[in-house]
Amino acid sequence: MKITVTEFITLDGVTQGPGSADEDTSDGFTAGGWLVPHMDETFIRQASEWLDLAGGLLLGRRTYEAFARDWPQITDPDDPFTGRMNGLPKYVVSSTLTELPWQPATLLCGEPVEEVSALRSQPGRELQIHGSNTLAASLLEAGLVDTLRLVVAPTALGTGRQLFGRNTTDLGFRLRHHTATPAGLLILEYEPNGRAAVADYEGVAAAVTGSHEN
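Predicted model only: the values in this text are computed from it and were never measured.

Enquirer: I'd like to hear about the UniProt feature "domain: Bacterial bifunctional deaminase-reductase C-terminal" (unreviewed entry) in the protein, residue by residue, with values.
Expert: According to UniProt, the positions carrying the feature "domain: Bacterial bifunctional deaminase-reductase C-terminal" (unreviewed entry) are residues 2-186. The span residues 2-186 is 25% helical and 24% strand by assignment, and the distance between its end C-alpha atoms comes to 23 Å.

If you want it as structure tokens, here you go:
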């Protein structure tokens, strides 16, 4: 299975609480709901197409608990995500949870990198991480993520939990797809490709030549 990460993120790198004010108030975060004003039909269509590729969800404890609280309560028959989110197999990485009320679900209580590596070696569709930025960051650093999808909102919060900044190894990515929505979201799809590339500037000609090699 391919491991894919989808993160909603602000211009200053915050991924915490994109969907509502009370989604995630940990560490005193009060700026939740920052993605919602920028959601539009283009974004909904893209998110639905991504979910079509999923064979399962890979979640950390915090995200699993939030999803388990919210998704079963959505009853809108026109919502394009609810049936699939509720029905997909969930693999939950946690050393503290003992019960998983949001089914179907499997608890992964061992070492996260080893557990996910074993899942990744199995055949199947995408195993998708939505949110769960602590888990996502550790798997990116371990080289276990095949695709990183970022939905960048045109806002900067100055506070909140971030995806990057905690890693101990620099990371490089190759841009595979990009688009902008009418409401101002930037949708980016990257392929991780090892360590971050660095070089000294040697003039325009060298820079242009180097750009064709990426």
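Enquirer: Help me get a handle on a nonpolar patch on the surface, residues and values and all.
Expert: Taken together, the side chains of Tyr201, Val204 and Val208 make up a nonpolar region of the molecular surface, amounting to roughly 340 Å² of accessible area. Counting through the fold element by element, Val204 comes out in helix H6 (residues 204-211). Judged by relative accessible area, Val204 falls into the exposed class, the value being 57%.

Enquirer: Give a detailed account of the confidence of the model for the protein, specifying residues and quantitative values.
Expert: Of all residues in the protein, 98% have pLDDT values of 70 or greater, and the mean over the chain is 92. Mean pLDDT in the protein bottoms out at H6, which sits at 74, and peaks at strand S6 (residues 147-153), which reaches 98.

Rules and cut-offs
Residues numbered from 1 in each chain as written. Predicted model: local features only at pLDDT ≥ 70, side-chain atom pairs only at ≥ 80, totals over all residues. Heavy atoms only, no water. UniProt positions renumbered as here; feature names shortened; annotations may be inferred. Helix = DSSP H or I, 4+ residues; strand = E, 2+ residues; numbered from the N terminus. Patch = residues over 30% accessible without salt bridge, like charges linked within 9 Å, V, L, I, M, F, W, Y side chains within 5 Å. Areas by Shrake-Rupley, 256 points an atom, 1.4 Å probe, with all protein chains shown as cover. Salt bridge = Lys/Arg side-chain N within 4 Å of Asp/Glu carboxyl O. Buried < 20%, exposed > 50% of the residue type's maximum accessible area, 1.4 Å probe, protein only. pLDDT = per-residue confidence, 0-100.

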